[in-house]
2 protein chains.
Amino acid sequence: MEDIRNFFLKGYIDYRPNLVVDCAIFGYDGEQLLVLLVKDKIVTKWCLPGGYIRKDESLEQAAARVTADRTGIANLFLQQFKTFGDVGRNCNKGSWDEDKLAELIGVKIDNDNWLSGETASVGYYAVTDMLNAQPSTDFLSSECKWFPVTEVPSLGFDHDEMFREALLAMRMHLYHYPIGKALLQQKFTLKEIRFLYEALSGKKLNATNFPIKLQSLGLLTKLEEKKSIGGHRSPTYYKFNSETYEKALDEGLVLV
Amino acid sequence: MEDIRNFFLKGYIDYRPNLVVDCAIFGYDGEQLLVLLVKDKIVTKWCLPGGYIRKDESLEQAAARVTADRTGIANLFLQQFKTFGDVGRNCNKGSWDEDKLAELIGVKIDNDNWLSGETASVGYYAVTDMLNAQPSTDFLSSECKWFPVTEVPSLGFDHDEMFREALLAMRMHLYHYPIGKALLQQKFTLKEIRFLYEALSGKKLNATNFPIKLQSLGLLTKLEEKKSIGGHRSPTYYKFNSETYEKALDEGLVLV
């Protein structure tokens, strides 16, 4: 566990200045789409989790570290979506709890501090199923929890815009990348995958056409096994075709 | 015109450190897709045009300034696509002409120089018709010209990857944003707009289905006027429907 005072006063030794990553981590609980938010000790509002980039890390590695630290899961599906760099975006005085900061650090942070310069943020989004995720705080944060995407509170800094753009980007990527694999059990019914895509896209999908489209892309493999849901109905299980799935991740597809 | 020595020695007064924008400016000449490249005085290979961000500018404003300076056209369709921040990406010694730099600056640039730190680059792409563009150099560059996207030479730093990602992103956005307006004359035939989309997407499009799809989205308005191309054929002119076009830019669409 890093020390907050050390981070503010000596962080420039390990981290790059002027650039951070922030991550919209989307989770699916089988019914709805949620996003993971953190409450920092020194920030008055909820925020997307993020962090500075170590000097020996790429942006992607920093985002992978942040998302793994917050969820306990390594190798989440991670996609950069936009960088935010408006003048003064990180200096939003209303977002900082100045008294709390002074109390924790013991000294006043001045304009020469390595954290005081104009700082841009590279936004990533990740998707995960919530069952395996264990939200965790770090040395800077006091709370970390899931919010339904339809009930996200007003966020600190420019994170309202960031969250909105993350959701938009993920919803555009849905048409081009198969991002469902991390969010479903290994075998699933056509109804289950349609419910997932409805939660991700925020749209009702056609119960007949959507599975046909998915199957025409070769993304699904039909299994022998059927799901027992009582009565006379027993929908067939499917799984993702790993080969087609990986190829689509590399080359893109068009799912409409 | 800025002075190169002043920029290297005093640039930190006007510009943010550690972050630049680089821009893939795509042009269309009625037949093929091209990209604008610059040859910097102190870089041995061709590069995408770019620049540091002034302290009073947003990232978007910096990209708009760079694209306007290079093409002579303000307000190009501009879209951020990815930020590049691998460790050492800007310190590629092979890309710099060290002797030329020393000659131009008059002193050796050391590790304390404001340009020496790890620098990430925010990538933007722009699209323009080539007829109205006038490629221009700046104080750092000696050449600025168009290359067909199929004949781009090996680029400096990580610009090979940047160019590839810009093209990929533009081609994904084609399905979601109407980006053709800046690339066609005000009135055009269905064949002309199909040729444009073929150049942008790098794919052959169905001559019958593509115009039907465009029209079903309400993007086009049919004009009374016909194009005279000799013989008995005289295809109808169309123009973009401004209202639908602007709405689609705001809200996105799905063009497949």
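Predicted, not measured: the structure shown is a model, and the values here were computed from it. (Residues numbered from 1 in each chain as written. Chains lettered and ligands numbered in written order. Predicted model: local features only at pLDDT ≥ 70, side-chain atom pairs only at ≥ 80, totals over all residues. Heavy atoms only, no water.)

What follows concerns the environment of B:Tyr125. Residues and elements named next belong to chain B. Its place among the elements puts Tyr125 in strand E6 (residues 120-129). Assessed through its relative accessible area of 0%, Tyr125 is described here as buried. In contact with Tyr125, not counting residues within four places along its chain, are Ala24, Phe26, Phe77, Leu78, Gln79, Phe81, Ala166, Ala169, Met170, His173 and Ile179. Of the polar contacts made by the side chain of Tyr125, one reaches the side chain of His173; its length is 2.8 Å. (Helix = DSSP H or I, 4+ residues; strand = E, 2+ residues; numbered from the N terminus. Buried < 20%, exposed > 50% of the residue type's maximum accessible area, 1.4 Å probe, protein only. Contact = heavy atoms within 4.5 Å. Polar contact = N/O pair within 3.5 Å; in protein donor to acceptor, adjacent residues only side chain to side chain.)

Moving on, we get to the domain arrangement of chain A. Residues and elements named next belong to chain A. Each assigned domain of chain A is listed with its residue range as follows: domain 1 (4-173) and domain 2 (181-251). Relative to domain 2, the C-alpha centre of domain 1 lies at a distance of 32 Å. Contacts between the two partners involve 11 residues from domain 1 and, on the opposite side, 11 residues from domain 2. Each partner contributes to the roughly 850 Å² buried at the junction of domain 1 and domain 2, and carbon and sulfur atoms together form 67% of this total. Its largest share of buried area at the contact with domain 2, domain 1 owes to Tyr28, Asp129 and Arg171, together 54% of the area lost on that side. Here domain 1 and domain 2 share zero salt bridges between them. Joining domain 1 to domain 2, the criterion identifies three residue pairs in polar contact (both at pLDDT 80 or more). Elements with a minimum of two residues in the side of domain 1 that touches domain 2: strand E6 (120-129) and helix H4 (159-173). For the side of domain 1 that touches domain 2, a count of residues per class yields six nonpolar, two polar and three charged. (Domains from an automatic or database assignment. Buried area = accessible area lost by both parts, 1.4 Å probe. Salt bridge = Lys/Arg side-chain N within 4 Å of Asp/Glu carboxyl O. Nonpolar A, V, L, I, M, F, W, Y, C, P; charged D, E, K, R; others polar.)

This part is about the side chain of B:Thr128. Of note, B:Thr128 is situated in strand E6. Contact partners of B:Thr128, with chain neighbours within four places excluded, come to B:Ile25, B:Phe26, B:Gly27, B:Tyr28, B:Ile73, B:Leu76, B:Trp146, B:Ala182 and B:Leu183.

Before going further, it helps to spend a moment on the interface of chain A and chain B. If you look at the interface, chain A gives 26 residues, while chain B gives 26 residues. Between chain A and chain B lies a buried interface of about 2,000 Å² when both sides are counted; carbon and sulfur atoms form 65% of it. Viewed at the interface, chain B and chain A are joined by zero salt bridges. At the boundary of chain A with chain B, the tally comes to six residue pairs in polar contact (both at pLDDT 80 or more). Classifying every residue of the side of chain A that touches chain B by side-chain character gives 12 nonpolar, seven polar and seven charged.

Attention now moves to the relation of the copies chain A and chain B. For the match of chain A to chain B, the screw axis carries a shift of 0.0 Å, the RMSD comes to 0.1 Å, and the turn is 180°. Those values place the two copies in the arrangement expected of a two-fold rotation axis. When the interface residues of chain A are mapped onto chain B, 100% of them are again interface residues, pointing to one common binding face. (Least-squares fit on C-alpha atoms with pLDDT ≥ 70 in both.)

Time to look at the environment of A:Gln80. Mapped onto the elements of the fold, A:Gln80 is located in strand E5 (residues 77-84). C-alpha separation for the pair A:Gln80 and A:Leu101, spaced 21 residues apart in sequence, amounts to 30 Å. With residues up to four places along the chain from it excluded, the contact list for A:Gln80 reads A:Leu59, A:Val122, A:Gly123, A:Tyr124, A:His173, B:Lys82 and B:Thr83. A polar side-chain atom of A:Gln80 sits 3.3 Å from a polar atom in the side chain of A:Tyr124. Reaching out from A:Gln80, the side chain makes a polar contact with the backbone nitrogen of B:Thr83 at a distance of 2.5 Å.

Residues and elements named next belong to chain A. Tallying each qualifying case throughout the model produces 18 salt bridges over all chains. One salt bridge in this structure joins Glu225 and Lys187, with 2.7 Å as the shortest N-O distance. Taken together, the residues Glu225 in strand E8 (residues 220-226) and Lys187 in the loop between H4 and helix H5 (190-201) connect sequence positions 38 residues apart. Look at Glu225 and you get partly exposed, because its relative accessible area is 38%. With a relative accessible area of 34%, Lys187 lands in the partly exposed category. A network of salt bridges, in which partner residues are shared, links Arg194, Glu198 and Lys204.

Taking 1.5 Å of rise per residue, the 15 residues of helix H4 (residues 159-173) of chain B would be expected to cover 21 Å, and the 20 Å separating its terminal C-alpha atoms lies within 8% of that figure. When H4(B) is considered as a whole, its buried residues turn out to be B:His159, B:Met162, B:Phe163, B:Ala166, B:Leu167, B:Ala169, B:Met170, B:Met172 and B:His173. (Expected span 1.5 Å × (residues − 1).)

Moving on, we get to the environment of B:Asp110. Tracing the sequence through the fold places B:Asp110 in the loop between helix H3 (98-105) and E6. Considered as a pair, B:Asp110 and B:Leu76 are 34 residues apart in the sequence and their alpha carbons are 37 Å apart.

A few words on the packing of H5(A) against helix H6 (residues 209-216) of chain A. Residue and element names in this part refer to chain A. Across the interface, H5 lies against H6 with an axial gap of 10 Å and an inter-helix angle of 100°. Viewed along their axes, H5 and H6 adopt a mutual orientation that is roughly perpendicular. Across the interface between the two elements, Leu190, Ile193, Arg194 and Tyr197 from H5 touch Phe210, Pro211, Leu214 and Gln215 from H6. For the contact of H5 with H6, the class distribution of residues is six nonpolar, one polar and one charged. (Axes fitted to C-alpha atoms, helices over the stretch in contact; angles between N-to-C directions. Parallel < 35°, antiparallel > 145°, perpendicular 65-115°, else oblique.)

Buried residues dominate E6(B), accounting for 10 of its 10 residues. The side-chain alternation of E6(B) yields two buried faces, one formed by B:Ala120, B:Val122, B:Tyr124, B:Ala126 and B:Thr128 and the other by B:Ser121, B:Gly123, B:Tyr125, B:Val127 and B:Asp129.

Right, let's talk about the side chain of B:Asp129 for a bit. All names here are of chain B. Inspection of the secondary structure assignment puts Asp129 in strand E6. Among buried charged residues, Asp129 stands out as having no salt bridge; its nearest opposite-charge side chain is Lys181, 13 Å away. At a separation of 3.1 Å, a polar atom in the side chain of Asp129 contacts the side chain of Asn132. Beyond its immediate chain neighbours, meaning those up to four positions away, Asp129 contacts Tyr28, Ile73, Ala182, Leu183 and Gln185. (Lys, Arg positive; Asp, Glu negative; His and termini not counted.)

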